Amino acid sequence: MFRSIFTTLGNCFKIPELKSRILFTIMLLAVCRLTAFIVIPGIDGHALAKFFNENSQGAGGLLTMYNTFAGGALGNCAVSSLGIMPYISATIIIQLLTAVWPRLSKLAREEGGRTKIIQYGRYLTVLLCIGQGWYFAHNWLTPESAFRGFQGNLVLYHNLFAYFFVTITVMTAGTMLLMWIGEQITERGIGNGVSLVITIGILARLPNAVQGLVDMFSTHGGTMPAQHNFWTTAPVLVFLMVMVVGGVIAITQAQRKIPVQYAQRAVGRKMYAGGTSFMPLRVNYAGVMPIIFAQSILLFPQPLFNGLASLFTSPSLRFIQDFCRWAAMQLNYGSFVYLALYALMILFFSYFWVATQFNEIQIADDLKKNGGYIPGVRPGQGTSDYLHNAMSRITLAGAVFLTVIATIPIILARQMGVDQNVASFFGGTSILIAVGVLLDTMRQVESHLMMRHYDGFLKKGRLRGRFA
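Rules of the game
- Residues numbered from 1 in each chain as written.
- Predicted model: local features only at pLDDT ≥ 70, side-chain atom pairs only at ≥ 80, totals over all residues.
- Heavy atoms only, no water.
- Helix = DSSP H or I, 4+ residues; strand = E, 2+ residues; numbered from the N terminus.
- Buried < 20%, exposed > 50% of the residue type's maximum accessible area, 1.4 Å probe, protein only.
- Contact = heavy atoms within 4.5 Å.
- Areas by Shrake-Rupley, 256 points an atom, 1.4 Å probe, with all protein chains shown as cover.
- Axes fitted to C-alpha atoms, helices over the stretch in contact; angles between N-to-C directions.
- Parallel < 35°, antiparallel > 145°, perpendicular 65-115°, else oblique.
- Nonpolar A, V, L, I, M, F, W, Y, C, P; charged D, E, K, R; others polar.
- Phe/Tyr/Trp six-rings, centres within 6.5 Å; stacked < 30°, edge-to-face > 60°.
- Arc of directions from axis to C-beta.
- Polar contact = N/O pair within 3.5 Å; in protein donor to acceptor, adjacent residues only side chain to side chain.
- Left-handed = near helix turned anticlockwise from the far one by under 90°.

A. The overall build of the chain, seen in detail. Within the chain, the secondary structure is distributed over 20 helices and five strands. Across the 468 residues that make up the chain, the buried fraction comes to 47%. Look at the contacts in the chain between residues 6 or more apart in sequence, and 71% of them connect residues 24 or more apart. When the accessible surface of the chain is split by element, carbon and sulfur atoms take 64% of a total near 24600 Å².

Written out as structure tokens, the structure reads:
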């Protein structure tokens, strides 16, 4: 098996175009990792990094989760502390507006309209970066309230205006750089650039997860007992990891094959013979996007309510301040309200992504124009309704799977007391994103290899189904 993998890797570098794409992608991903270690001027990033490494639970669940997706940049107070999440959030908002605002919907169908919409998304990214940058800058100014158990100062500035201006500007520039890198990888590299930027940040936290796993079962030289019993917790974590990885791979590649029959037809003087084919409908059509969308949106409410609570300090507005604090507490990472909203958002965005990306009307029209039909289904509107119903049923299965996978690390961290870094890898969200993105990248590599008649990484498996 390993010999086949190394042979395939060698074949990748025999193709000049694929070789240049892979090296270009690796180079830009290395730049992404570099931005996670360049500390913002005037901030003691080493003190916060030490605190995150020593006390991941005390750092706060929401900020620790954000730090994971930022590749540890937030814990280092680095220039890319905001990560790529503001760009993803802006993309979500623009897609939602496109679906409900007729003017944007019309613009999306016009020639060059997509380019303008992408530009609007970039402008919105800057605005979101300014808002989130102010929130993180305020947290670093008062670290003892943002990071439970932290003692000391992070900000070395004496002028607050200069501090906020420099910090917000640098973090905004860092996010825009990551956005540009993601677009360049998608266009000139291999794989989806934005997804790879997130994945490389997640994988960069793997050493911290290994260290956290060792600390969970370590007795620290016999001076204090281990946090968890090895024979009760370790089998559960291993079982979860095997099941999650296996389930992610199975669901990611699972598809329902819709049979399609093509009638014999004449085009000009040529006769085209009929035949039978199939239309693959992916069970997890949305991939990892619903989880990314849900996490991106849930990063906003708690900081927003905390900020509002700090504004309404007047005694006459005390009830508004109390309400904002109560709402922020209810939306705390791992709370029941957070889990419920998280699950509902994943279900919603799974269907939303399918509704915006899967056009059953266009597919039915294309089948009708090319003389194709689904056996037992009327062409045109009948085919469109059949595809809509079939996609809705399999999307439900994929959405439920995503919801279960995404909530596992939160339950592990909150109910079993597992280290946050460990839970993110032995749970599901990080593995789901990493496995899904890597499989998509391998498919693109596979297509380049197959065009040059080389064997690829992926082997065609066969799972028994209803028609096996």
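B. Layout of the packing of helix 5 (residues 85–100) against helix 6 (residues 102–109). In the contact formed by helix 5 and helix 6, the axes pass within 5 Å of each other and the chain directions differ by 100°. Classed by the angle they form, the pair helix 5 and helix 6 counts as roughly perpendicular. For the pair formed by helix 5 and helix 6, the contact residues are L97, T98 and V100 on the first element and P102, L104, S105 and A108 on the second. For the contact of helix 5 with helix 6, the class distribution of residues is five nonpolar, two polar and no charged.

C. Looking closely at unusual backbone geometry. The backbone of C77 sits at a positive phi, close to 55°, despite the residue not being glycine. Looking at the element boundaries, C77 is found in the loop between helix 4 (61–69) and helix 5. By relative accessible area, C77 is classed as buried at 0%.

D. Focus on the environment of S430. Note on placement: S430 falls in helix 20 (residues 429–451). Those residues in contact with S430, other than ones at most four positions away along the chain, are T68, I202 and S424.

E. Examining the packing of aromatic side chains more closely. This model, assessed by the stated rule, comprises 12 aromatic pairs. A centroid spacing of 5.6 Å and a plane angle of 50° characterise the contact between Y135 and F136, whose relative ring orientation is tilted. Taken individually, Y135 and F136 each receive the classification buried, so the pair is uniform in this respect. Pairing Y285 with F358 gives two aromatic rings, centres 5.8 Å apart and planes at 80°, and the pair type is edge-to-face.

F. View of helix 17 (residues 360–369). Among the residues of helix 17, those classed as buried are E360, A364 and L367. Angularly, the buried residues of helix 17 cover 60° about the axis, an arc narrow enough to put them on a single face. Where helix 17 begins, one side-chain oxygen reaches toward the backbone nitrogen of I361, 3.3 Å away; that side chain belongs to N359. Positive phi shows up at G371, right after helix 17, with a value of about 75°.

G. Here's a closer look at the packing of helix 11 (residues 206–217) against helix 12 (residues 230–253). At a minimum axis separation of 10 Å, helix 11 and helix 12 run at an interaxial angle of 150°. Between helix 11 and helix 12, the interaxial angle falls into the category roughly antiparallel. Crossing angle aside, the handedness with which helix 11 passes helix 12 is right-handed. In this structure, helix 11 contributes L213, M216 and F217 to the contact, and helix 12 contributes F230, T233, A234 and L237. Across the contact of helix 11 with helix 12, the residue classes tally to six nonpolar, one polar and no charged.

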